[in-house]
Amino acid sequence: MTEPNGTTAATTPVRVLLADDHAAIRAGLRIMLEQSGRVEVVGEAADGDVAVRQARALRPDVVLMDVRMPGTDGIAATAAIVGERLAEVVALTTFDLDEYVLGMVRAGAAGFLLKTVGAHELVDAVCRVAAGEGVLAPEVTRRLLDAVAFHVPAAAPAPADDRLASLTARERDVLDALGDGLSNADIAVRLVVSETTVKSHVSHVLAKLGVRTRLQAGVLARDVRGPG
């Protein structure tokens, strides 16, 4: 549960909805999450349509969303959940770089995790997203940003140059760091500032660029400078 100051309350478990068409995967995720004592799994869904209905009814903090599901897939479900501001969505993927993954970026997923993620990394990712920080599996961050930089349409109607011109020098530094897929902690180390300061800068960057997620901002950063 996210507090007004953007932190996750230590005594309130993060509420998570699991969406995957394989019952065994949902069971495994539930065990890893609930054994931590930091997360409460409030519901499960085997397809995207049920995931959207469950999100509306249960109002979880985070939805762990399988990208490929029968019927309503993870892309359509994510677009609906994010569009209605029902919850943050983290995509679960085997990470084939294809239109499914690109579609999740466009739909507003807060980040991506591999289905092989370990328990510690899974719980940490869920808690970070609930606290307002997007997450990407470290081993795929650069690969994803490079792959989508020239395929994801701009999220805001103004030209990129106009939007970038509104950023301060420090905000440009933060945007560059988002383009490298860095977490708030990593950005704080790079810029020698506090994580609280980083979080404030990230919020300003997203607002000025007219994008909703750190991932979309990172894609824009890559689009401007090219892959590297």
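Residues numbered from 1 in each chain as written. Predicted model: local features only at pLDDT ≥ 70, side-chain atom pairs only at ≥ 80, totals over all residues. Heavy atoms only, no water.

### Looking at the environment of L33
- Mapping L33 onto the fold places it in helix α1 (residues 23-34).
- What makes L33 buried here is its relative accessible area of 0%. (Helix = DSSP H or I, 4+ residues; strand = E, 2+ residues; numbered from the N terminus. Buried < 20%, exposed > 50% of the residue type's maximum accessible area, 1.4 Å probe, protein only.)

### Description of the UniProt feature "modified residue: 4-aspartylphosphate" (unreviewed entry) in the chain
- The residues that UniProt annotates with the feature "modified residue: 4-aspartylphosphate" (unreviewed entry) are D66.
- Considering the arrangement of structural elements, one finds D66 in strand β3 (residues 62-66).
- Among all residues touching D66, those that are not within four sequence positions of it are A19, D20, D21, G74, L92 and K115. (UniProt positions renumbered as here; feature names shortened; annotations may be inferred. Contact = heavy atoms within 4.5 Å.)

### Details of the side chain of H201
- Mapped onto the elements of the fold, H201 is located in helix α10 (residues 195-209).
- In this structure, H201 is in contact with R170, E171 and V174, ignoring residues within four places of it in sequence.

### What about the pairing of strand β2 (residues 39-45)?
- Within β2, five of the seven residues are buried, which leaves the element mostly enclosed by the surrounding structure.
- Pairing of strand β1 (residues 14-19) with β2, which is carried by six bridges, proceeds in the parallel orientation. Paired with L17 across the strands is G43, a residue of β2.
- Once you follow β1 into α1 and on to β2, the crossover reads as right-handed. (Pairing = 2+ DSSP bridges. Right-handed = clockwise from strand over helix to strand, strands pointing away.)

### Here's the deal with the pairing of β1
- Within β1, five of the six residues are buried, which leaves the element mostly enclosed by the surrounding structure.
- The sheet contact formed by β1 and β3 spans four bridges and is parallel. Counterpart to L17 in the pairing with β3 is V63.

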